[in-house]
Amino acid sequence: MFVLHIALQGCLRGTDVEYGLTADTGGHIRYLLDLVAASGRNAAIDRMEIVTRAFHHAAYAECYAEPIETIDGMTRIVRLLTTSDAYLVKEDLWTEHDSLVEALIAHIATLDRTPDVMHAHYADAGLIAARVSARTGIPYVFTAHSLGRVKRAAFDRDCAETAGLDRRIAIEEEAIAGAAAIIASSRDEAEVQYADYAAYDPGRIRVFPPGSDLKQFANCRSDPRVDALIDRFLQDPDKPAILAIARPVTKKNLAALVHAYGRSPALQAAANLVILAGTRDDTATLEPEIRDNIAELLQLIDRYDLYGKVAYPKQHRPDDIAAVYAYARTRGGVFVNPALNEPFGLTLLEAAASGLPVVATDSGGPNDIVETCGNGILVDPRSPTAIADGIEKILGDAALWSRYSAAGSVAIRAYDWDRHVQLYAGLLDEVVNGATPALTERAPALLLVSDIDGTLIGCGDGVDDFNAWHDAQSDVAFAIATGRSFHSAMAVLGQHDAPRPEILITSVGSEIYYRTVRGAVYDRDTEWDGIIAAGWDREAVAALVGQYAGLTPQSPLEQRRFKLSYFADGDIAAAERVRALLAEHGHSCSIIQSHGRYLDILPHAASKGTAVEHVRRRLGLEPRQVIVAGDSGNDIEMLRSSRHAIIVGNYSDGLATRADLAHGYVAVGHHARGVIEGVAYFRAATTAIDRQDLPAGRTNPDGIRKAS
């Protein structure tokens, strides 16, 4: 596959990138170069080009005007000449759109081979890709890296930082609308940030967390030269270090960290503050936004009289960063990312791998990272008090610091570039070659619906067995029914190499998605949305539960249009108490409690069971053609309402002893192997009933069935 990347912002070159040189020379360039390097190790991708703008600038290296830069035998950077040859900040790139489109089309025409797919990075590149795609037929995928609507919400006012955002948002709408698929870094990006766009289509978005070369950080060691670079600022350099590494741009919110530190005598007594805010020589030569932010940091240090307590080196080399993390870790410090919004957060992964606990913004990708690793605290980045409290909590509790420090090692396994590219290449293949027959054209003989957690996954060898089995089932339509959201379900299936389902019933039956003939895309069942919306007053239900039920809400990402989710904290009577409370106030809802801890509230018509029945009817299947599989209380409604129900051997919540599940088959096999076993049983049982000859060792099919 030949992949053509489009990246127009900042100072892009193949090696020794000058991060922080401009406000637009940041993490998206590192993401792109790391993605390209990892793609070169994947056999599915055999050629790549990175297309950007050529420009001249007296203060920047001449390499940015070179038309071709070869990275290796399969990858090169191509710099296109456009109307202007000046360096342009991202807010001014719109002036070059027309000439960029014509230059890229002309460049493609000169190639000996047409790219199979384009990958656009950031808004302007997305618009260029959309217009080139319309004229050439080459599909494109889009990675936003950050979104204009999110930036507007973060500042919540008209100011210099929001200038030009209306144009940027319109550009993003066009980029989103035309993309064959959209790659998001986190669930927050996929489910919250994109949702504000008119072109939002959750079925086209796939969550692939970026990888990172974290091994160097896992083994990082302090360096006397780097130590000296920091220590020269400090009166007591042996104290714990509160470390921040970010470009000095407004959205990174470094000033809030200085406010937090400056207003807290306790923090000043406990630790030093170390800020790496890019590199600089003379601040007078910096871009206005960077110059102004550096000036603000220095003014705040002076206002709070933090001399001797704050280190702010002017220069560091890229290969110094690992030693900087080691500096903070060996002193029992903490890493802080106070960004107003962080689309992902590569520095958080580096800090995690290095063994540094983190305090991070609760807006964006850090939600996923901290949930995955369990290595820190999320805080409101607009509240210096919340930032200070989070830091003090970790620094003041040695056991907590040790737990968070050890937990960060999860990042090394979870955020791997080769794994990312395996998923990425699969998506590109679906975009290029992924046309599949629609379910209505296939007329499957059987619909298999399985829960994910504890049912399909939980045993790696079992998933391998299920994949082999699934490949041989040409007459089976495979569906998932899960409490997870659509993007969470897709992500966990990808992480465990489970097969792609044709249907996803997500958020405990409140959303349904069908894989389309385009392969990479899922369409939401809006008919189901209309059915379950009747009588559902989400705001009123949430207010009642919040006021009277004594439950703790789950994270904002778990709250959906047709689902409210809480922690019941082992209260087995919570479901009945909530049901009675809502009924008393005239609300008839579906209340589902599972694993003794989780409680979901849905519209009365919504559940896994009713969703499965809706799908069955839509596919024109008979009830006997449906088999469902589950393991917990979350699956009871689905198991109870289906004639053929599999309870996998590792079940919980007493499923096998419930009278209303007496018709179910309790498998010997656990997880996916139990699903395979159950399907074999019901197929045999159906044949036996037709012959009036039951399988040996089983009881009457109208009673409880257990493996012999």
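Notes on the structure follow.

Parameters at a glance
- Residues numbered from 1 in each chain as written.
- Predicted model: local features only at pLDDT ≥ 70, side-chain atom pairs only at ≥ 80, totals over all residues.
- Heavy atoms only, no water.
- Helix = DSSP H or I, 4+ residues; strand = E, 2+ residues; numbered from the N terminus.
- Rg over C-alpha atoms; globule rule 2.2 N^0.38 Å.
- Buried < 20%, exposed > 50% of the residue type's maximum accessible area, 1.4 Å probe, protein only.
- Contact = heavy atoms within 4.5 Å.
- Lys, Arg positive; Asp, Glu negative; His and termini not counted.
- Charge placed at Lys NZ, Arg CZ, Asp CG, Glu CD.
- Axes fitted to C-alpha atoms, helices over the stretch in contact; angles between N-to-C directions.
- Parallel < 35°, antiparallel > 145°, perpendicular 65-115°, else oblique.
- Left-handed = near helix turned anticlockwise from the far one by under 90°.
- Nonpolar A, V, L, I, M, F, W, Y, C, P; charged D, E, K, R; others polar.
- Pairing = 2+ DSSP bridges.
- Core = buried A, V, L, I, M, F, W, Y, C linked by side-chain atoms within 4.5 Å.
- Salt bridge = Lys/Arg side-chain N within 4 Å of Asp/Glu carboxyl O.

**A word on the overall build of the protein chain**
1) Next: When you go through the protein chain residue by residue, the secondary structure sums to 27 helices and 27 strands.
2) Next: A compact globule built from 708 residues would reach a C-alpha radius of gyration of about 27 Å, and the protein chain, at 27 Å, matches this within 12%.
3) Next: Projecting the C-alpha coordinates of the protein chain onto the three principal axes gives extents of approximately 90 × 65 × 45 Å.
4) Next: Sorting the 708 residues of the protein chain into buried and exposed places 59% on the buried side.
5) Next: Contacts spanning at least 24 positions in sequence make up 68% of the contacts within the protein chain whose residues lie at least 6 apart.
6) Next: Between the averaged position of the 69 positive side-chain charges in the protein chain and that of its 94 negative side-chain charges there is a distance of 2 Å.

**Points about the packing of helix H8 (residues 224-231) against helix H12 (residues 321-330)**
1) Next: Direction vectors running N to C along H8 and H12 enclose 65°, while the axes themselves pass 9 Å from each other. When the axes of H8 and H12 are compared, the pair comes out roughly perpendicular. H8 and H12 meet at a crossing whose hand is right-handed. Facing H8, whose interface residues are Val226, Asp227, Ile230 and Asp231, H12 presents Ala323, Val324 and Tyr327.
2) Next: Across the contact of H8 with H12, the residue classes tally to 5 nonpolar, no polar and 2 charged.

**A closer look at the sheet that holds strand S21 (residues 564-567)**
1) Next: Pairing is antiparallel in the open sheet, where 4 strands are placed in the order S20-S21-S23-S22. Across the chains shown, the open sheet's two edge strands, defined by having one partner strand only, are strand S20 (552-553) and strand S22 (589-594).
2) Next: Relative to strand S23 (residues 598-603), S21 is paired through 4 bridges, and the arrangement is antiparallel. Bridging from a neighbouring strand, Leu564 pairs with Ile601 of S23.

**Focus on the nonpolar core**
1) Next: Among the nonpolar cores identified, the biggest contains 50 residues, and Leu447, Ile503, Val545, Leu551, Leu582, Leu599 and Ile601 are the most heavily contacted of them.
2) Next: In terms of residue count, helix H24 (residues 574-584) provides more of this core than any other element does, 5 residues in total.
3) Next: Other than its neighbours up to four places away in sequence, Leu582 contacts Val541, Leu544, Val545, His587, Cys589, Ile591 and Ile601.
4) Next: Counting 42 residues, the second-largest nonpolar core is a separate cluster that includes Leu93, Ala120, Ala125 and Ile128.

**What to know about the sheet that holds strand S4 (residues 75-80)**
1) Next: Spatially, S3-S4-S2-S1-S5-S6-S7-S8 is the arrangement adopted by the 8 strands of the open sheet, whose pairing is mixed. Each edge of the open sheet carries a strand with a single partner, namely strand S3 (68-72) and strand S8 (205-207). Between one strand axis and the next, the sheet turns by 20° as a mean value, whatever way the strands run.
2) Next: In this sheet, S8 lies alongside strand S7 (residues 181-184) in parallel orientation, the contact comprising 3 bridges. Within the sheet, the bridge partner assigned to Ile183 lies in S8 and is Arg206.
3) Next: Here helix H2 (residues 97-110) sits on the sheet in contact with strand S1 (2-7), strand S2 (47-53) and S4, set at roughly 135° to S4.

**Here we look at the pattern of salt bridges**
1) Next: A full pass over the atoms with the stated rule returns 47 salt bridges.
2) Next: Salt-bridge contacts for Arg560 lead to Glu511; the nearest nitrogen and oxygen are separated by 3.1 Å. With Arg560 in the loop between S20 and S21 and Glu511 in strand S18 (residues 511-515), the pair connects residues that are 49 residues apart, well separated along the chain.
3) Next: A residue is classified by how much of its surface remains accessible, and Glu511, at 2% relative accessible area, is buried.
4) Next: Taking the shortest distance from any N to any O, the salt bridge between Lys608 and Asp635 comes out at 2.5 Å. Here the residue Lys608 occupies a position in helix H25 (residues 608-619), and Asp635 occupies one in the loop between strand S24 (626-630) and helix H26 (636-641), the gap between them amounting to 27 residues.
5) Next: The class of Lys608 is buried, set by a relative accessible area of 0%.

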